[in-house]
Structures are given as structure tokens and as C-alpha cells.
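Spelled out, the chains give:
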Amino acid sequence: MPTITEILETMEYGPALENDKIARDWLSRGPFGHFIGGAFTAPGALFDSLNPARDDVLAQLTQGSAQDVDAAVNAARAAFPAWSGLSGHARARHLYAIARQIQKRERLFAVLESLDNGKPIREARDIDVPLAIRHFYHHAGWAELAAEEFAGQVPHGVCGQIIPWNFPLLMLAWKIAPALAAGNTVVLKPAEYTPLSALLFAEICIEAGLPAGVVNIVTGDGTTGAALVAHDGVDKIAFTGSTHVGREIRRVTAGSGKALTLELGGKSPFVVFADADLDAAVEGVVDAIWFNQGEVCCAGSRILVAEAVADRFTERLRTRLKALRVGEPLDKSTDIGAIVHPRQLARIRDLVAQGQAAGGVLHQGSAPEGCFFPPTMMVEVSPANPCVSEEIFGPVAVVMTFRTPDEAVDLANNTRYGLAASIWSENLTQAMDIAARVRAGVVWVNATNLFDANAPFGGMRESGFGREGARAGMAAYLRPARAGASTPALGALGPLPQSASTSGLDRTHKLYIGGAQKRADSGQSYSVIVDGALQGHAPLGSRKDIRNAVEAAHKATGWTAMSGHQRAQVLYFLGENLAARSVSLRAFASQAEIDDSIARAFYYAAWADKFDSSVHDTQSAHITLAKYEPFGVMGLICGEEAPLTGFLSLVLPSIAMGNRVVTIPSQSAPLATLELAQVFACSDIPAGVINIVSGPVADLAQTLAAHDDVAALWSAQPALTKLVEAESAGNLKPVWQVTEPLGQGRDFLLAATQIKTIWVPYGA
Ligand code: NAI
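Residues numbered from 1 in each chain as written. Predicted model: local features only at pLDDT ≥ 70, side-chain atom pairs only at ≥ 80, totals over all residues. Heavy atoms only, no water.

A closer look at the overall build of the chain
Point 1. Within the chain, the secondary structure is distributed over 27 helices and 31 strands.
Point 2. The C-alpha radius of gyration of the chain comes to 28 Å, within 12% of the 27 Å expected for a compact globule of 764 residues.
Point 3. Judged by the C-alpha coordinates and their principal axes, the chain covers about 105 × 65 × 45 Å.
Point 4. The proportion of buried residues among the 764 residues of the chain is 59%.
Point 5. Contacts spanning at least 24 positions in sequence make up 76% of the contacts within the chain whose residues lie at least 6 apart.
Point 6. About 28,000 Å² of surface is accessible on the chain, with carbon and sulfur atoms providing 53% of the total.
Point 7. Taking the 62 positively charged and 77 negatively charged side chains of the chain as two groups, their mean positions are separated by 3 Å. (Helix = DSSP H or I, 4+ residues; strand = E, 2+ residues; numbered from the N terminus. Rg over C-alpha atoms; globule rule 2.2 N^0.38 Å. Buried < 20%, exposed > 50% of the residue type's maximum accessible area, 1.4 Å probe, protein only. Contact = heavy atoms within 4.5 Å. Areas by Shrake-Rupley, 256 points an atom, 1.4 Å probe, with all protein chains shown as cover. Lys, Arg positive; Asp, Glu negative; His and termini not counted. Charge placed at Lys NZ, Arg CZ, Asp CG, Glu CD.)

Rendered as C-alpha cells:
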């Protein structure tokens with residue numbers, strides 16, 4: 001035993017263990033079954049949930065079978081009419097009761113979460129549980145206001161929700177609270193490593209008097225998750241987890257009519273400029289990558305530091321990481337707890353070894369024996385080092401340097417992911433400039449890992465799509481009432497008309513790519529026959545033309561940089577020119593259609609500078625912006641109805657928001673749109689902003705959907721739903737099935753944008 005004088009000299013902490021009896025007592029009610037239809041089922045085939053810090057079995061749980069999933073989905077379906085039929089106020093009272101009940105059991109939740117996941121009790125107690133409670137309170141409010149604030153919207157029905165092991169209770173709250181507030185019922189599958197807090201939550205549902213079947217919980221591994229994803233009775237899937245599984249789910253749900261949101265992995269940059277408050281930034285790194293053992297999807301795992309301060313900064317980080325205490329999660333002075341499972345530890349070790357083999361040099365703190373990993377910083381890394389490109393999901397940061405802000409942005413964006421970014425600079429002009437240019441769904445300025453129920457969270461690119469939290473998160477659990485059933489009817493596209501006979505007509509239209517009329521790469525055209533009469537010949541576009549068009553759209557970045565007002569001017573001018581050219585357009589479209597098109601140009605010109613972003617009320621002394629940003633390059637697949645209006649109904653909202661588009665016009669009657677090339681040319685629409693490739697829609701759509709440089713896709717061809725959704729899995733672009741291809745309105749603008757949430761704390 002050290003003497004008090006010795007303790008004061010070394011300032012070593014003494015152990016401060018949280019008593020886990022409360023959780024052990026609760027666990028004694030195991031082995032556990034599922035929670036289906038308001039009651040626990042008898043345990044079936046069992047698996048263990050471990051306490052990774054002590055390598056002991058905490059509880060045994062039931063591996064969910066396809067029959068179990070079926071029973072849970074049926075219970076949720078049976079509960080849906082009554083639950084969705086309740087008033088918003090009645091649902092609000094249930095959510096409020098759940099929040100209150102969790103609050104009463106705060107300590108049990110925190111201890112159970114720490115035991116099951118290995119996270120420090122301090123974090124479970126101060127972060128996971130309070131944020132989960134906040135989420136239910138916040139969504140009690142949305143339930144109350146839903147009818148007023150989301151008029152014309154209805155819930156999807158039964159939501160299948162699959163969550164990971166890093167924040168088990170919090171991720172449950174993020175999924176269940178908005179689903180219930182919107183009037184859905186749910187079947188949730190917790191991760192197999194950390195299912196316990198979900199079962200405790202099931203008890204809360206009973207205590208809070210939630211009607212049976214509104215929440216169902218089925219435990220098990222990936223096969224249970226896969227059964228839920230595949231179940232016909234599920235209307236929406238919400239998934240948080242690895243990009244690999246997210247991609248698989250995108251493929252499996254393709255064409256099923258199920259709505260989908262994916263919150264996937266990340267490799268988020270943590271950018272430190274020379275003028276940053278370096279001490280604050282060091283603490284930022286602690287919260288970015290050594291919080292929750294680095295098992296955080298938005299962890300700041302790539303530290304990018306200005307060369308001028310790199311030595312000073314890494315020196316301070318080295319000192320700081322040595323002071324972090326790794327060990328018993330239940331000890332209140334532990335900074336880093338246990339890695340969730342020996343398999344995850346092996347994965348971290350393997351990736352770090354690969355990083356070293358590629359030349360990376362480690363600086364590490366210490367960690368005890370067992371399922372622990374020390375806080376680690378890897379320097380001397382090249383962009384090709386696997387630790388730079390792969391999500392490690394452990395307390396491991398790589399450090400790279402930059403010289404100029406442009407280089408910082410290039411490095412930050414040099415990843416397949418786009419979940420979060422953290423930017424450190426005392427120069428707010430610079431920080432906001434970088435925040436605007438970095439491709440990430442959440443950006444923290446001089447801060448990191450801030451969360452709030454009223455701040456949208458979610459990714460861009462291969463980090464997934466959809467937002468959780470705030471109004472945007474609620475919207476993801478609702479759909480327009482007019483859309484009818486969520487499963488679109490699959491029609492069939494007619495065969496391409498017979499190829500060229502030039503009788504009587506002298507003109508073959510051309511594709512429109514990069515502001516110029518281009519011959520199709522194939523050199524071929526096809527006959528366009530409308531109402532039995534030959535209308536003309538359209539170019540037979542191919543994959544090569546789509547690729548050229550995407551390249552042209554990619555380059556037209558000037559359009560995205562323009563202000564809404566400037567884009568509005570161009571759209572008004574387009575409207576004017578449509579009127580002036582109506583005579584030549586009349587050969588291909590009715591006057592009514594032309595008039596509609598002119599009105600639509602004015603409508604989206606009006607919106608171009610009015611689709612305002614929001615400032616959300618989150619924490620005091622924080623500005624939390626939810627900024628609508630264009631995707632960049634969008635792919636648009638037009639329907640067959642009213643070819644001119646159908647085309648402009650998709651193109652105009654997309655470009656009004658600053659996107660550049662590659663469009664595939666109606667297969668059967670594309671000439672009106674190709675004729676528009678003349679109008680575009682004289683309307684000051686910059687080259688590459690609108691590109692048109694006509695031809696066999698299915699082939700062209702496949703190439704467009706699979707293209708990595710296309711960031712979002714709209715399709716008004718129900719017959720191609722499955723094809724384009726499956727092909728989109730490569731870069732995980734969001735796909736919007738346009739159910740009203742001739743419609744207009746906010747839905748179109750929302751689908752043409754993604755939210756970037758920017759947190760700017762202020763004050764001392
Ligand atoms: P995972 O993606 O396999 O697991 C997440 C959830 O998906 C679990 O509930 C799992 O049972 C379920 N699941 C697995 N396969 C499924 C399928 N085919 N269909 C439906 N559900 C399925 O993640 P895992 O294997 O636990 O971790 C591997 C790596 O994934 C980690 O090292 C980390 O890099 C990343 N990850 C990222 C997370 C994030 O929040 N972004 C969360 C968890 C893991």
C-alpha cells in the first residue's frame with residue numbers, strides 16, 4: 001500500500017469502482033427470450049453475451065430464427081393500425097412515459113451498458129444514457145406536433161431496425177423514438193455483442209404501458225438481421241453498422257419497395273490549423289478517437305495537422321496519450337475501457353500490424369492484459385497505408401501533415417466515406433471555408449463528437465444516406481400519404497422501336513453533352529414513333545456516352561458555386577426562351593405541355609434562393625446549422641409520360657439546388673428533350689450542367705446507377721426500380737423513386753439536397 005505522501009507525490013488515482021450488483025441482480029432473470037407482442041418469449045437456442053473486460057459470460061440470449069422474426073413482424077403489423085391511429089398527443093404521452101421510466105433506471109442502464117460493451121461507466125452514465133433519454137423527450141415533442149408539422153405525411157408501417165454494438169442504448173433510442181413518434185411500429189435487432197440494454201428497454205415498454213406489439217425486440221446475429229431485412233411484412237429498414245453490411249442490405253432490399261436509411265462507417269478527418277488553440281485541439285483528439293475506445297462511427301481517426309505546428313502538436317499528443325487510463329470500465333476514473341469483443345480486438349491488432357508493415361510508426365499508451373488496446377497514434381503514414389484508408393474502430397489515430405488549406409481539404413476528402421469532420425482554427429473565416437468544402441454529413445468547428453436529438457446526424461458518400469435526429473430524422477419515418485402503397489407496381493418497358501428508316505425526315509437529333517450536341521458513340525440512331533407516326537430519329541446512346549456525360553457534369557462545378565439568385569436568373573431566362581422557342585418545340589410536344597414547362601421553370605427559379613437551411617436549437621452557446629447542400633452530379637431517369645414536362649420536372653429542381661445532371665429522357669419520345677438543347681444553349685446554362693443521353697433506358701440506367709461519380713439518382717421508371725437500386729450499392733448513392741413524375745414541390749427540393757450539420761460553439 002502506498003503512503004498518503006507517496007500518493008500525493010505521484011498523484012496516482014485510487015480505484016473508484018461502481019457497484020455492479022444492481023445489474024447482476026437484473027441479469028439473474030436470464031436466460032432471455034425475445035420481446036414479442038408485449039411479452040418475453042421462452043428462451044430458445046442460446047448464445048452468450050460477454051463482459052469483455054473480465055471475459056465472463058453475463059447472460060445467455062436467444063438466437064432469433066426466421067420464425068421468431070416472422071412472429072415479431074406479425075405482432076408489429078397487428079399493432080400498427082391502432083398505434084398509427086392514435087392522436088399525436090396520445091403517442092407523445094407514451095414516449096414521455098418511456099423517457100421518464102429510463103430516467104428512473106438510469107444507474108441500472110449505465111452499469112449494464114458498461115458491463116456488456118466494455119465502455120467506461122463515466123461515459124455510459126454521462127453520455128449514452130442522458131442522450132438516449134433526451135432523444136425520447138425530444139420525440140415525444142415530435143409526436144405531439146407531427147400532424148401539424150408533417151401534414152399530408154403518413155408512417156411507413158412496420159420498421160425493421162438493426163443496430164450496432166458501440167452505443168447500444170443510444171442507437172436504440174435513435175431508431176425507436178422517431179419511428180414511434182411518427183406512428184410506425186418496430187422490430188429491432190440489437191447487436192449480438194451487446195443485446196442486454198435492449199431487453200431492459202423492453203421491460204421499460206411494459207412499465208410505461210406501451211401497447212403490445214408496438215416495440216418488438218429479437219436478439220441474434222447477422223442471420224437474424226438478414227431475416228428481418230428480407231421479411232415481406234417490413235416497410236422500412238433502418239440500419240446502422242458497417243459499410244459492408246449496409247451495401248448487402250441495399251442489394252437485398254432493391255426493388256422490394258422497402259424504404260431504407262443507412263448510417264455506415266467513417267474515416268473522419270480531424271484538421272488542425274497552425275492558428276488553432278493546440279491545447280484545446282489535443283483534448284479534442286482525446287474526445288475524437290479515444291472516446292468509447294475509438295469504437296465510434298464518426299471518430300476523428302485521421303489527424304491532419306499543419307506542418308508548421310505538427311511537431312509541437314504530436315509531442316503534446318504523445319504526452320497526453322500516456323496519461324490516459326485504460327482498464328476496468330466500472331472504475332469511474334477509467335478513460336478507455338475494454339474493446340467490445342476479442343474478435344474486434346483481433347481486427348484492430350491486425351489492421352495496426354498492417355499499418356506498421358506499410359511503414360507506420362506507433363506511439364502508444366499502456367493497457368492491461370486482456371481485451372484492451374492502448375491509445376495509439378500512428379505517424380509516418382502514406383495515403384496508401386491501410387490504417388489511413390480502413391475504418392479501424394479502435395483507439396487508433398493516424399497523423400498526416402499539410403501545408404495549405406487546399407491540401408488539407410484534398411486530404412480530408414481523400415476517402416470513400418463522408419460521415420464527419422472536425423476543424424480546429426481560431427480563424428472562423430478559414431474554419432467555415434473548410435467546413436463548406438469538406439464532404440461530410442456533420443462538421444464540428446473547434447469541437448468534436450457533439451450530439452443532440454435536435455441535430456441531424458448522418459453521412460454522405462459511402463457513409464450512407466438519411467439523417468437521424470431533428471426534423472430530418474422524423475421525415476425519414478414518414479412518407480407522403482398520396483404515394484399509396486410503398487411497393488411500386490413493376491411495369492415493363494416496351495422494346496426499343498425499330499431502327500432508322502429516314503423516310504421523309506431529314507434530321508437526326510444529337511445527344512447533349514458538355515454543352516454541345518454530340519453524335520452517339522455508337523453512331524446509330526433509332527426511330528421515334530409517336531401515335532403511330534414517325535416523329536424523327538434519336539441517337540442511340542451507350543455506356544460510353546453516359547460516362548462522357550458524367551465527366552462533363554463533374555467538371556461543371558461553377559454552377560454549384562453560384563448563388564441561388566444567380567441560378568434563379570438563369571432559370572427565368574430558360575422559361576423565357578422556352579416561350580420564344582415554342583414553335584419549334586410544338587413539333588414534339590403539345591402547347592399545354594410547353595406552357596407547363598414554362599411555369600415549372602418560373603416555379604423553381606422562385607425556389608432557387610428560398611430553400612432555406614435551418615439553425616437548430618441544440619445546446620446552449622452552440623450554433624447548429626443544418627445546411628442543404630447539393631449532391632454534385634445527379635443521375636435522372638425520366639418516365640415515359642409527358643416527355644417534356646416529365647424531363648423538366650426532374651431537371652429543374654435538381655439544378656435549382658446547384659446540382660449538375662445527367663438525364664436519360666423518355667425512351668419512346670425523347671425528341672422534345674433533345675430539341676431543348678437549342679434552348680439551353682441560349683439560356684446561359686453553363687456547359688455540363690444539363691446532359692442528355694437518349695437510347696435504351698434500361699442499359700443506360702444501369703450504367704448511370706453504377707457510376708461512382710454520380711452521387712444521387714432519381715428514377716421515374718418503376719420497371720427499373722430493382723435494377724437501379726441494386727446497381728447503386730457500389731457507392732451507396734441514395735435512390736429516389738419519383739412516384740409523381742409530373743409533380744413539383746418541396747419533396748423534389750429535399751430529394752435534390754443532403755444536409756450538412758455544422759456545429760459552431762461560441763463563448764469562452
Ligand atoms: P456489422 O455491420 O456486421 O454489425 C452491425 C449490425 O448488423 C449487428 O446487429 C449485426 O448483427 C447486423 N448484421 C450483420 N450482418 C447482417 C446482415 N447480413 N443483414 C442484416 N443485419 C446484419 O458490424 P461488425 O461486424 O460488428 O463490425 C465490423 C466493423 O464494422 C467494425 O470494425 C467497424 O469498422 C464497423 N462498424 C461500424 C459501425 C458504425 O456505427 N458505423 C458499427 C459497428 C461496426
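Structural notes on the packing of helix H20 (residues 564-580) against helix H23 (residues 643-656)
Point 1. Packing of H20 against H23 leaves a shortest axis separation of 10 Å and a crossing angle of 155°. With respect to H23, the axis of H20 lies roughly antiparallel. Taking contact as the criterion, the partners of Arg567, Leu571, Leu574 and Leu578 in H20 are, on H23, Leu648, Leu652, Ile655 and Ala656. (Axes fitted to C-alpha atoms, helices over the stretch in contact; angles between N-to-C directions. Parallel < 35°, antiparallel > 145°, perpendicular 65-115°, else oblique.)

Examining the site of the ligand
Point 1. Near the ligand lie 26 residues; those nearest to it are Ile163, Trp165, Glu192, Ser242 and Arg347.
Point 2. Ile163 has a polar backbone atom sitting 2.9 Å from an oxygen atom of the ligand.
Point 3. Taking Lys189, its side chain carries an N or O atom lying 2.9 Å from an oxygen atom of the ligand.
Point 4. In isolation the ligand has 800 Å² of accessible area, and contact with the protein removes 86% of it.
Point 5. Listing elements by their share of the shell around the ligand, those giving two or more residues are helix H9 (222-230), strand E9 (236-240), helix H10 (243-253) and helix H13 (342-357).
Point 6. Per-element tally for the shell around the ligand: the top contributor is H9, with three residues.
Point 7. Considered class by class, the residues forming the shell around the ligand number 13 nonpolar, eight polar and five charged.
Point 8. Summarising the domain contributions, the shell around the ligand has at least three residues from each of domain 1 (22-263 + 474-480) and domain 2 (269-458). (Near = heavy atom within 4 Å. Polar contact = N/O pair within 3.5 Å; in protein donor to acceptor, adjacent residues only side chain to side chain. Nonpolar A, V, L, I, M, F, W, Y, C, P; charged D, E, K, R; others polar. Domains from an automatic or database assignment.)

Here we look at the domain arrangement of the chain
Point 1. Here the chain is partitioned into domain 1 (22-263 + 474-480), domain 2 (269-458) and domain 3 (511-754).
Point 2. Using only C-alpha atoms to locate each centre, domain 2 and domain 3 end up separated by 39 Å.
Point 3. When the two sides are added together, the surface that domain 2 and domain 3 hide from each other amounts to roughly 580 Å², 53% of it contributed by carbon and sulfur.
Point 4. Its largest share of buried area at the contact with domain 3, domain 2 owes to Leu450, Asp452 and Asn454, together 55% of the area lost on that side.
Point 5. At the boundary of domain 2 and domain 3, one finds zero salt bridges. (Buried area = accessible area lost by both parts, 1.4 Å probe. Salt bridge = Lys/Arg side-chain N within 4 Å of Asp/Glu carboxyl O.)

Examining the UniProt feature "domain: Aldehyde dehydrogenase" (unreviewed entry) in the chain
Point 1. Per the UniProt record, the feature "domain: Aldehyde dehydrogenase" (unreviewed entry) sits at residues 47-479 and 531-713.
Point 2. The distance separating the terminal C-alpha atoms of residues 47-479 is 38 Å; by composition the span is 45% helix and 18% strand. (UniProt positions renumbered as here; feature names shortened; annotations may be inferred.)

What about the confidence of the model for the chain?
Point 1. Mean pLDDT over the chain: 95, with 97% of residues reaching 70 or higher.
Point 2. In the model, residues 484-492 has pLDDT below 50 throughout and makes 13 contacts with residues more than four positions away in sequence or in other chains.
Point 3. Quick note on the complex model: pTM equals 0.96, ipTM equals 0.97. (pLDDT = per-residue confidence, 0-100.)

Thoughts on the sheet that holds strand E12 (residues 300-306)
Point 1. The sheet built from 10 strands is open, its strands ordered E13-E14-E15-E12-E11-E16-E17-E31-E25-E24 with mixed pairing. Because the sheet does not close on itself, it has two edges, and the strands there are strand E13 (361-364) and strand E24 (614-616). With strand direction ignored, the average angle separating the axes of adjacent strands in the sheet is 25°.
Point 2. As paired strands, E12 and strand E15 (residues 396-402) are joined by five bridges and run parallel to one another. (Pairing = 2+ DSSP bridges.)

Section: helix H15 (residues 405-412)
Point 1. Along H15, the residues that are buried comprise Ala408, Val409, Leu411 and Ala412. Taken down its axis, H15 places every buried residue within 165° of arc, on the same side.
Point 2. The inward-facing, buried residues of H15 abut strand E11 (268-272), E12, E15 and helix H16 (428-437). (Arc of directions from axis to C-beta.)

So, the nonpolar core
Point 1. Membership of the largest hydrophobic core comes to 153 residues, with the highest contact counts inside it found for Phe136, Leu180, Phe201, Val215 and Phe313.
Point 2. Built from parts of two domains, this core gets at least three residues from each of domain 1 (22-263 + 474-480) and domain 2 (269-458).
Point 3. In contact with Phe136, other than residues within four places in its own chain, are Leu95, Ile98, Ala99, Ile102, Leu172, Ala173, Ile176, Ala177 and Phe201.
Point 4. Counting residues in hydrophobic clusters, the runner-up holds 59 residues, among them Phe588, Ile598, Val661 and Leu671. (Core = buried A, V, L, I, M, F, W, Y, C linked by side-chain atoms within 4.5 Å.)

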